[in-house]
Amino acid sequence: MKELLPLLPRPSRYLGNEWGTVRKDPAGLRARVALAFPDLYEIGMSYLGQKILAQAVNERPDMQAERVYAPCQDTAAILREHGAPLCTMETDTPLAQMDAVAFSLTHELCYTNVLYMLDLAQIPLHAAERLDGDWPLVMAGGGACFDPEPLAGFLDLMVLGDGEVVLPQILEHVAAAREAGTPRAELLRRLAALPGVYVPSLFAWDGPGLPVRPLLPGYERVEKALVADIEGAPFPTAPAIPFGQAIHDRYTLELARGCTRGCRFCHAGMVYRPVREKSPARLDAQLKEAIPATGFEEVSMLSLSTGDYSALEALFDTTFSRCAAEQVTISLPSLRVGSLSEHIMGRIASIRRTGATIAPEAGSQRLRDVINKGVTEEGLVEHVRTLFEHGWQQVKLYFMIGLPTETDEDLDAIAELCVKVRDAAGRHVKRLQVTAAVSPFVPKTHTPFQWDGQIGMDEIRRRVYRIKDALRPYKRITVKFHQPEMSFLEGVFSRGDRRLGPVIESAYRKGALFSSWRDHLRLEPYLEALSEHGLTAAEFQAPRDENAPLPWDHLDCGVSKDFLLTERKRALEAKLTEDCRYGACRGCGVCSHDGRESRLAQQAAQAEIHPRLVFARRDQEGAPAGEPPDAGLPDAGKLDAGRQAGQAAPKPDLSERQAQYRIWYEKRAEAAYLSQLELQSILERALRRARFPLSFSAGFHPMPRISFGRALPVGVESLAEWFTLTLREDLAPERVLQALAAQMPAGLAPLRIEPMGVLERTRQAVRESFLVRYSGSAEDVARWQGHWAELLTRESFVVQRKSKNGPKPTDVRALVAEVRLDGPDGVRLTFDWSGEYMSPVNLVRAVNEPITPLAAHLLKVGQEFPPA
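Everything numeric here is computed off the predicted structure, so don't read it as measured data.

Definitions and limits used
Residues numbered from 1 in each chain as written. Predicted model: local features only at pLDDT ≥ 70, side-chain atom pairs only at ≥ 80, totals over all residues. Heavy atoms only, no water. Helix = DSSP H or I, 4+ residues; strand = E, 2+ residues; numbered from the N terminus. Expected span 1.5 Å × (residues − 1). Buried < 20%, exposed > 50% of the residue type's maximum accessible area, 1.4 Å probe, protein only. Arc of directions from axis to C-beta. Axes fitted to C-alpha atoms, helices over the stretch in contact; angles between N-to-C directions. Parallel < 35°, antiparallel > 145°, perpendicular 65-115°, else oblique. Left-handed = near helix turned anticlockwise from the far one by under 90°. Contact = heavy atoms within 4.5 Å. Nonpolar A, V, L, I, M, F, W, Y, C, P; charged D, E, K, R; others polar. pLDDT = per-residue confidence, 0-100. Salt bridge = Lys/Arg side-chain N within 4 Å of Asp/Glu carboxyl O. Phe/Tyr/Trp six-rings, centres within 6.5 Å; stacked < 30°, edge-to-face > 60°. Lys NZ or Arg CZ within 6 Å of the ring centre and 35° of its normal. Pairing = 2+ DSSP bridges. 1 Å grid on protein atoms, 1.4 Å probe; cavity = no way out; pocket = protein on both sides within 12 Å on 5 of 7 lines; lining within 4 Å. Points joined across faces, edges and corners; volume = space filled by probe spheres on them.

Novice: Outline helix α14 (residues 457-471), listing residues and values.
Specialist: With 15 residues, α14 should reach 21 Å at 1.5 Å per residue; the first-to-last C-alpha distance of 21 Å fits that figure. If you check which residues of α14 are buried, you get Met457, Ile460, Arg463, Val464, Ile467 and Leu471. For α14, the angular spread of the buried residues around the axis is 130°, confining them to a single face.

Novice: Give a detailed account of helix α15 (residues 484-494), specifying residues and quantitative values.
Specialist: Counting buried positions along α15 yields 10 of 11 residues, so the element is predominantly enclosed. Among all positions in α15, only Pro484, Met486, Ser487, Phe488, Leu489, Glu490, Gly491, Val492, Phe493 and Ser494 are buried.

Novice: Could you give an account of the packing of helix α16 (residues 500-509) against helix α17 (residues 524-532), with specific residues and numbers?
Specialist: Between α16 and α17, the least distance of the axes is 8 Å, while the angle of their chain directions is 135°. By the angle class used here, α16 and α17 are oblique. The way α16 lies across α17 gives a crossing that is right-handed. Along the contact surface, α16 presents Leu500, Val503, Ser506 and Ala507, while α17 presents Pro525, Tyr526, Ala529, Leu530 and Glu532. Looking at the contact of α16 with α17 residue by residue, the classes come out as 7 nonpolar, 1 polar and 1 charged.

Novice: Provide a residue-level description of the confidence of the model for the chain, including the pertinent values.
Specialist: Low pLDDT means the predicted coordinates in that region are not meant to be read closely. With 93% of its residues at a pLDDT of 70 or more, the chain has an overall mean of 89. This model gives residues 607-649 a pLDDT under 50, and the stretch forms 56 contacts once residues within four places in sequence are excluded.

Novice: Any details on the pattern of salt bridges? Residues and values, ideally.
Specialist: In this structure the tally under the stated criterion is 74 salt bridges. Note that Arg322 and Asp284 form a salt bridge whose closest N and O atoms lie 2.8 Å from each other. Separated by 38 residues along the polypeptide, Arg322 in helix α9 (residues 312-325) and Asp284 in helix α8 (residues 280-294) bring together distant segments of the chain.

Novice: So what's going on with the packing of aromatic side chains? Residues and values would help.
Specialist: What the rule picks out here adds up to 18 aromatic pairs. Consider the rings of Tyr41 and Tyr69, whose centres lie 5.5 Å apart with planes at 85°: the pair is edge-to-face. You can see Tyr41 sitting in helix α1 (residues 41-44) and its partner Tyr69 sitting in strand β2 (residues 63-69), a full 28 residues away along the chain. Given a relative accessible area of 3%, Tyr41 falls into the buried group. Considering the side-chain rings of Phe203 and Tyr219, the 5.1 Å spacing of their centres and the 50° angle between planes classify their relative orientation as tilted. Residue Phe203 is located in strand β7 (residues 203-205), and its partner Tyr219 is located in the loop between β8 (212-214) and β9 (222-223); the two are separated by 16 residues in the primary sequence. The same class applies to Phe203 as to Tyr219, namely buried. Members of the aromatic cluster, each reached through a chain of ring pairs, are Phe770, Phe831, Trp833 and Tyr837. Sitting over the ring of Trp722, Arg662 keeps its end group 4.3 Å from the ring centre.

Novice: Describe in detail the sheet that holds strand β4 (residues 137-141), supporting the description with residues and values.
Specialist: If you walk across this open sheet you meet the 6 strands as β2-β1-β3-β4-β5-β6, and the pairing is mixed. Pairing within the sheet leaves two strands with one partner each, and these edge strands are β2 and β6 (197-198). In this sheet, β2 lies alongside strand β1 (residues 31-37) in parallel orientation, the contact comprising 7 bridges. Bridge assignment links Ala31 to a residue of β2, and that residue is Met63.

Novice: With reference to specific residues and values, describe the layout of surface pockets.
Specialist: Reported here for the second largest pocket is a volume of approximately 450 Å³. Forming the boundary of the second largest pocket are 24 residues, of which Pro6, Val714, Val841, Arg845 and Pro853 lie nearest the centre. At the level of secondary structure, the elements contributing two or more residues to the lining of the second largest pocket comprise α27 (840-848) and β29 (856-864). When residues of the lining of the second largest pocket are assigned to their parent elements, the largest contribution, 4 residues, is made by α27. Residue composition of the lining of the second largest pocket, grouped by class: 16 nonpolar, 6 polar and 2 charged.

Novice: Report on the pairing of strand β27 (residues 816-821), specifying residues and quantitative values.
Specialist: For β27 and strand β28 (residues 826-832), the ladder comprises 5 bridges, and the chain directions are antiparallel. Bridge pairing in β28 links Glu818 to Thr830. Here β27 folds back onto β28, and the loop between the two strands holds 4 residues, one of which, Gly823, carries a positive phi near 75°.

Novice: Go over unusual backbone geometry with me, naming the residues and quoting the values.
Specialist: Along the chain, Arg273 connects to Pro274 via a cis peptide bond; the corresponding omega equals 0°. In this structure, Pro274 sits in the loop between α7 (267-271) and β12 (276-277). In this chain, Glu849 is followed by Pro850 through a cis amide linkage whose omega measures 0°. Structurally, the position occupied by Pro850 is in the loop between α27 and β29. One non-glycine residue, Asn372, lies in positive phi territory at about 65°. Relative to the helices and strands, Asn372 is located in the loop between α11 (365-370) and α12 (377-389). In this structure, Arg476 takes a positive phi of about 65° despite not being glycine.

Quick look at the structure:
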């Protein structure tokens, strides 16, 4: 696949030579797995689950995990045109030659992309077609596997729950089966004994209204795999660092897993129970390793409800100073109202203030009680007011529409709450912006609302427009809403059964791909496929009978069906169920499941009694009579004074300049396909890993002082690239060169270093020399070489090239200063940029037209600067 890189759009998506990638000697490997993410590279590289699985497998010396992502459709067309299969990134191995392919299923709209990737890999789509032959084991894991029936016919197995322990066990069985020649059917029966492993072919289903039947005695239900103690579980502190801009381009530190808040619509909150936390000492050690190992500029402290981490205050204080000294920002996603103390808010604000996100989910208190959100309007407004006081100016509020029992009065309450949030900002908030993000409710399996219906697209639009109309008179409030078609489709597959397998395949054949992308979603292929198979969307979106079997009843997430029914009854009565970490156990079943003992009481006892918990509990219980809204919260002025008094030394001046260097480097092999923007990010992180005292620009978003030479076109190699670097200390040039060389990814190697004046301005080259190597028949190569000799005989050679203002005539002859043949297949060119610049790639193509990108390879060999 990599031989086609010159033809591929965004080729950096397929390189596989990022910093942090793992490569091993194939001779010592017993099993290799392709961790497949059914979306684009920049989405998949943001997914923590894949990084954890890669760490778990790669810790084993006899196993290797490699990555593969869904290529864009233009790339897929090129692969098909050349008969090239989809390959792994690290070793360019066709997926069909791997021992296993493991998909991450994070949502239902990626199902057609799973078939797309198997098809591109030239692997049979149906599990039954892979029983014979040397095909890889095709499996999946992730949150969507708790109702995987629509994909049952395509996957050999699925893993329910935590995968980092069971995946290496699966690969051990696969390796042993290959070595012993064990038939696949027998291998699947053995794998069924592992925790969390669901083998769909070992169950049968006779149709709607009937339960799924087990075919293997003793294998009647599949219990999820659970890592009871995540403290010592595999976790990456030096993951592969993405090229380009990943959606979440930062280091993610997992604080805890699971949530017991009990929101009745939340699938993750139910299936990932119980809550398991890492100790502050363990988290601090992981962060201490990760910052110098990755060079990331941002750290995200992640869990389903980060603010509920029992030692958040102490952890934040421990990590804040280290991150601030490194110019590393901290983000705390997944925060509930009142879950941050003013102390933490103040410290975050001192580094960087981006927009704040809050999820009240419903506008009225009645409906928030129905869904067990545990948030009061007073608490929410007070939380927002505190954010504004600490300098935040943008707030996004997440709401759902179509929740069970919702009325128009609840919709009007959404608009009213948005206005109250806006009005909580004082006059000092100059750039105030409140955004209401509205998404339709989609019933999910293993939740109290799994029996409820979903509203249709017309009703979704009516409710959205009611909210928009109510907010139209108010300035500084905008409404954004989730695409109704997307939610409609999600609702078909989120509670689907095996009848939808043929629908997914038909929709894929009709071109349905990347359906979670707004600009790619097409509903027609799915509707046509449903109709062709005698189905309608309504039968999957309709309410379910509480007494009827469900297609996922044989899959056990640990939370009992009786508990879900009880919670549904409490929802219809608008009764709250308190968080069992701090209140009574409601008997969901997960803590005592399979003989385990609950750790929740121990975690609650260890929780710090600080303003975060006081505020959160008051949010649930209501403030004591006569207590002011801010009672129990620390005084911000006192906190600031205390911090100032405790400072041992003033902060260093990060904008100081003591030394400047020009560093020359080469850009070879796969690194040639990195864009200038990607290269800048790579170098910045390499410099951070080298622990240099970087000089930063002033302003709200300080950036390292680095400047580059003229951008090299993507796909062109070079022996003569450079950038300038400014430091706060004058370091020995050779020390700088050696330290940087140890931190550069493959293909990028520093060659030499030149000290410069601290304030010396950089100059761009006026001449650049390139070596062009041609690939093709002797006749073609001779013709292309002859084009250059002919060019020298002409006074001018004008071509039209694209510019921002339309076609622009350019005299190519005036840009060519020197031409020399270089062997039987090459030509050495010197271009003069003193008057005008043109991409060397486009210049070569203009002279040698017609020629394909595969036929001409460019290598920059030198630069000349104007006199000082």
